[in-house]
Amino acid sequence: MNVFPYLVAVWLLGVGLYGVITSHNYIHLILCLTVMQAGTYVLLLSIGYVHGARAPIFSGIPASARVVDPVVQALTLTDVVVEATVVALLLALVIQVDKRYGSIDPDEISRMRR
């Protein structure tokens, strides 16, 4: 078992979480959330990886052939679509915040509201 993909996934999650905690800009925050999401892609794909297995296309291969789990691949594709939707929604909200407050710095906006 190769542990490298799991370490990469944990590293991406850690770097993204650090960025979320230290972010002073909504755009930076959204990009850090995207990096964290990339960690889940790596994790899902490393869980579903089978050494020496074929793609999950079952026509023309023997029934005893080892194949990669197609459910994990489908979950990863679903994860990509959900992440793209969430990022688009968050960016639209950032545009509205910038129009209303004239800034995308969370600290500055909280000072304006007081």
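Owing to the predicted nature of the structure, the values given are computational and were not obtained by experimental measurement.

Enquirer: Can you lay out helix α2 (residues 26-48) for me, pointing to particular residues and giving the numbers?
Expert: Relative to the 33 Å expected for 23 residues at 1.5 Å per residue, α2 spans 34 Å between its end C-alpha atoms, a close match to the ideal helical length. Within α2, burial applies to Ile 30, Cys 32, Gly 39, Tyr 41, Ser 46 and Gly 48. The backbone nitrogen of Ile 27 has a side-chain oxygen 2.8 Å away, supplied by the residue at the start of α2, namely Asn 25.

Enquirer: Outline the packing of helix α1 (residues 4-22) against α2, listing residues and values.
Expert: Running from amino to carboxyl end, α1 crosses α2 at an angle of 165°, the nearest separation of the two axes being 8 Å. When the interaxial angle is binned, α1 and α2 end up roughly antiparallel. Handedness of the crossing formed by α1 with α2: left-handed. Residues belonging to the contact of α1 with α2 are distributed by class as follows: 17 nonpolar, six polar and no charged.

Enquirer: Explain helix α3 (residues 70-101) to me, using residue names and the numbers behind them.
Expert: Note on helix geometry: an α-helix contains 3.6 residues per turn, so any two residues three or four positions apart are oriented the same way. In this model, α3 (32 residues) spans 46 Å end to end at C-alpha, consistent with the 46 Å of a helix rising 1.5 Å per residue. If you check which residues of α3 are buried, you get Val 72, Thr 76, Asp 79, Glu 83 and Val 94. Structurally, α3 contributes buried residues whose contacts are with α2. For α3, the capping residue at the N-terminal end is Asp 69, with a side-chain oxygen 3.2 Å from the backbone nitrogen of Val 71. Just downstream of α3, Gly 102 is the residue with a positive phi angle, here 75°.

Enquirer: How would you summarise the side chain of Glu 83 if you had to cite specific residues and measurements?
Expert: Its location among the elements puts Glu 83 in helix α3. Look at Glu 83: it is buried, it has no salt bridge, and the nearest opposite charge is Lys 99 at 23 Å. Residue contacts for Glu 83: discarding those within four places in its chain leaves Thr 34, Gln 37 and Tyr 41.

Enquirer: How would you explain the environment of Leu 44 if you had to name every residue and give the values?
Expert: Residue position: Leu 44 is located in helix α2. For the pair Leu 44 and Val 72, spaced 28 residues apart in the sequence, the C-alpha separation amounts to 6.3 Å. Not counting chain neighbours up to four residues away, the residues in contact with Leu 44 comprise Val 72, Leu 75, Thr 76 and Asp 79.

Enquirer: Talk me through the environment of Tyr 101; I want residue IDs and the actual numbers.
Expert: For Tyr 101, the position within the fold is in helix α3. The sequence separation of Tyr 101 and Phe 4 amounts to 97 residues, and the corresponding C-alpha distance is 44 Å.

Enquirer: With reference to specific residues and values, describe the confidence of the model for the protein.
Expert: Per-residue confidence for the protein averages 89 on the pLDDT scale, and 97% of its residues sit at or above 70. At the level of individual helices and strands, the protein shows its lowest average pLDDT in helix α4 (residues 106-113), which scores 77, and its highest in α1, which scores 95.

Rules used throughout
Residues numbered from 1 in each chain as written. Predicted model: local features only at pLDDT ≥ 70, side-chain atom pairs only at ≥ 80, totals over all residues. Heavy atoms only, no water. Helix = DSSP H or I, 4+ residues; strand = E, 2+ residues; numbered from the N terminus. Expected span 1.5 Å × (residues − 1). Buried < 20%, exposed > 50% of the residue type's maximum accessible area, 1.4 Å probe, protein only. Polar contact = N/O pair within 3.5 Å; in protein donor to acceptor, adjacent residues only side chain to side chain. Axes fitted to C-alpha atoms, helices over the stretch in contact; angles between N-to-C directions. Parallel < 35°, antiparallel > 145°, perpendicular 65-115°, else oblique. Left-handed = near helix turned anticlockwise from the far one by under 90°. Nonpolar A, V, L, I, M, F, W, Y, C, P; charged D, E, K, R; others polar. Contact = heavy atoms within 4.5 Å. Lys, Arg positive; Asp, Glu negative; His and termini not counted. Salt bridge = Lys/Arg side-chain N within 4 Å of Asp/Glu carboxyl O. pLDDT = per-residue confidence, 0-100.

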